[in-house]
Amino acid sequence: MKRTKVIDALKCTAYGSDICVKGWVRSKRGSKGIFFIALNDGSTIKNVQIVGDDAKFDEETLKRITTGACLSVEGKLVESPAAGQASEIQATAIEILGDCDNTYPLQKKGASWEYLRTVAHLRPRTNTFGAILRIRHNMAMAIHTYFHEHGYFYFHTPLITASDCEGAGNMFQVTTKNLYDLKKDEQGKIIYDDDFFGEQTSLTVSGQLEGELGATALGAIYTFGPTFRAENSNTPRHLAEFWMIEPEIAFMDQEELMDLEEDFIKYCVRWALDNCKDDLEFINNNKFLTPNADLIPRLEGVLKEEFVRLPYTEGINILQEAIKNGKKFEFPCEWGDDLASEHERYLVEEHFKKPVIMTDYPRSFKSFYMKQNQETADGGSVGYKGAVAPGPTMQGTDVLFPSIGEIIGGSVREESYDKLMSEVKRREMDMTHLWWYLDTRKYGSCPHAGFGLGFERLILFVTGMQNIRDVIPFPRTPRNAEF
Ligand code: 4AD
Ligand code: MG
């Protein structure tokens, strides 16, 4: 008999018809000679209930139906007398496709997140991870749909690169060289001439620079791929391998960029509410996930809020004011300091109580490619809507979210060849590997802008999960590349 997915079986109202379902046993109980199996095949958070008469099955088969075992069940679809489910299946035949022995690590309810990370090969079978992974899929669909509907082209940028986009130097090297026998020159530098690419290469930290090549040809592009950063930050918000979405758009200015960031995130959140109802309700109502009891209202709240647009300099003033009023932060936040997550979260969660798009950052900790704001005679600069800053600033536009901190990092790009080169020189950057990037500013340069959304940070927000290791199937973090 043809298999029906559990999601379809639960919607089916052809009571009395024969049906075949396949899946894994979530639980089995019995009473007065009748057994009840909760079977799940991953198509939905919901289980289908299988009911059967002990007497009609051989004892050996019944014994093998344990939590985690894989079954094929044939039977009759009937209306269920039990609350909370429309239909159930009265089993006529059960085949054990895969036994599950009693060392199965997922037998106990309420296992800790830490424990589940040690069994990442099996945790997708739990209710919570099933829900997260279906939501993750849906968010990927939302992203592709958004950009496709808005006329952006999906542009594939390389994962192996000879350049460091963000200039932070935290890259994983790619080589086929024999590490036990490295040839070095007189200065002790490794010779890469005989390496696979004939030069030093790494895994990319961002597809942006190639994305700009796409945008200055196709008008509007987006990338969506894995990104690698060898930053040794063991935080609940950092992965060494994460997925990033990077739109890049010709002829876009700062205001339009912020409009896009806000519209895009809201579209994704709305998509989750519209398409992941069962999974979100499961997370929202599960007592093991108490921090998420207000997940759905929180997502709905973001749709109603207009994001605050806040120049960095004003943000610093607010933080300084808070310190004056007794607020304690671990890290300093004088003008010129990069904001720590505690500062971002203070602004978003305590001060404004809604998402904030921060603009016009000091150039000291932002990337070389960002558009420079007009400088004033006294060494300051003028940014978004005429906001004045005491030092040189760039048109960065990061989106800060409640409980996450930075979810998007973006900027308008410096399109003037001369200004870009003066910044390159000021930073004493070696542009040997980026000659092609500079060509965009020589051959028909245009105003353009873009941003990078950390996919896992979006999933953190949409699922209400607390640790980024729990929203990707197989996380890569310092000292962990198992599974
Ligand atoms: O702010 P970032 O470093 O920006 C860029 O890479 C730009 N080239 C993007 C662009 O303008 N096209 O990274 C962008 C986003 C961050 O806001 C954050 O959400 C996420 O990527 N991100 C990480 N997510 C998980 N683990 C990490 N180690 C991350 N580093 C950045
Ligand atoms: Mg950033």
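Residues numbered from 1 in each chain as written. Chains lettered and ligands numbered in written order. Predicted model: local features only at pLDDT ≥ 70, side-chain atom pairs only at ≥ 80, totals over all residues. Heavy atoms only, no water.

A. Molecular detail of the domain arrangement of the chain. Domain assignment breaks the chain into domain 1 (6–98) and domain 2 (125–170 + 205–470). Its C-alpha centre places domain 1 at a distance of 46 Å from the equivalent point of domain 2. Counting residues at the interface gives eight residues for domain 1, matched by eight residues for domain 2. Taken over both partners, the interface formed by domain 1 and domain 2 buries close to 620 Å², and the fraction arising from carbon and sulfur atoms is 42%. Per-residue buried area on domain 1 facing domain 2 is highest for Trp24, Arg26 and Ile45; these three make up 70% of the total on that side. (Domains from an automatic or database assignment. Contact = heavy atoms within 4.5 Å. Buried area = accessible area lost by both parts, 1.4 Å probe.)

B. Representation of the environment of Tyr115 within the structure. By the element assignment, Tyr115 lies in helix α3 (residues 113–118). Sequence-wise, Tyr115 and Pro158 are 43 residues apart; in three dimensions their C-alpha atoms are separated by 35 Å. (Helix = DSSP H or I, 4+ residues; strand = E, 2+ residues; numbered from the N terminus.)

C. Molecular detail of the sheet that holds strand β8 (residues 173–174). Reading across from one edge, β7-β9-β8 is the order of the three strands in this open sheet, with antiparallel pairing throughout. Where the open sheet ends on each side, the last strands, each with one partner, are β7 (160–161) and β8. The sheet contact formed by β7 and strand β9 (residues 201–203) spans two bridges and is antiparallel. Looking at the pairing, Thr161 lines up with Ser202 of β9. (Pairing = 2+ DSSP bridges.)

D. Spatial organisation of the side chain of Thr227. Tracing the backbone through its elements, the reader meets Thr227 in strand β10 (residues 220–228). On the accessibility criterion, Thr227 (3% relative accessible area) is buried. In terms of polar contacts, Thr227 uses its side chain to reach the backbone carbonyl oxygen of Gly225, at 3.5 Å. What Thr227 contacts, discounting residues up to four positions off in sequence, is Thr204, Val205, Ser206, Ala240, Glu241, Phe242, Trp243 and Met244. (Buried < 20%, exposed > 50% of the residue type's maximum accessible area, 1.4 Å probe, protein only. Polar contact = N/O pair within 3.5 Å; in protein donor to acceptor, adjacent residues only side chain to side chain.)

E. Broad picture of the packing of aromatic side chains. What the rule picks out here adds up to 24 aromatic pairs. A ring pair is formed by Tyr146 and Tyr267, whose centres lie 5.0 Å apart and whose planes are at 65 degrees; its orientation type is edge-to-face. Highlighted residues: Tyr146 in helix α4 (residues 127–149) and Tyr267 in helix α6 (residues 254–275), separated in sequence by 121 residues. Judged by relative accessible area, which is 16%, Tyr267 ranks as buried. Centroid distance Phe196 to Phe197: 4.8 Å. Interplanar angle 70 degrees. Geometry classified as edge-to-face. (Phe/Tyr/Trp six-rings, centres within 6.5 Å; stacked < 30°, edge-to-face > 60°.)

F. Molecular detail of helix α7 (residues 277–285). Buried within α7 are the following residues: Asp279, Leu280, Phe282, Ile283 and Asn284. Residues of α7 that are buried in the fold lie against α4, α6, α8 (295–304) and α13 (455–463).

G. Structural view of the pairing of strand β11 (residues 241–250). Most of β11 is tucked away: eight of the 10 residues are buried. Pairing geometry for β10 and β11, over nine bridges, is antiparallel. Note that in β11 the partner of Thr227 across the bridge is Phe242. Both β11 and strand β19 (residues 448–454) contribute to a ladder of five bridges, which runs antiparallel. Among the inter-strand pairings, Ile245 is bridged to a residue of β19, identified as Leu453.

H. Quick look at the pattern of salt bridges. Across all of its chains, the model carries 29 salt bridges by this definition. Across the pair Arg413 and Glu248 runs a salt bridge whose closest N-O atoms are separated by 2.8 Å. Here Arg413 is found in the loop between β18 (405–412) and α11 (417–426), whereas its partner Glu248 is found in strand β11, with 165 residues between them in sequence. For the residue pair Arg413 and Glu248, the accessibility class agrees, reading buried in each case. Of the charged contacts, one joins Glu255 and Arg309 as a salt bridge, the two residues approaching to 3.0 Å between their closest N and O atoms. With Glu255 in helix α6 and Arg309 in strand β12 (residues 308–311), this residue pair connects regions lying 54 residues apart in the sequence. Here Glu255 falls in the partly exposed class, since its relative accessible area comes to 29%. In the salt-bridge network here, residues are joined through shared partners; they are Glu255, Asp259, Glu262, Lys266 and Arg309. (Salt bridge = Lys/Arg side-chain N within 4 Å of Asp/Glu carboxyl O.)

I. Structural detail: the site of ligand 1. Ligand 1 sits among 24 residues. The nearest are Glu166, Gln208, Arg229, Glu246 and Glu406. Contact between ligand 1 and Leu239: a nitrogen atom at 2.9 Å from a main-chain N or O atom of the residue. The contact in question runs from an oxygen atom of ligand 1 to an N or O atom on the backbone of Gly409, over 3.2 Å. Contact with the protein chains removes 93% of the 620 Å² of surface that ligand 1 exposes when unbound. (Near = heavy atom within 4 Å. Areas by Shrake-Rupley, 256 points an atom, 1.4 Å probe, with all protein chains shown as cover.)

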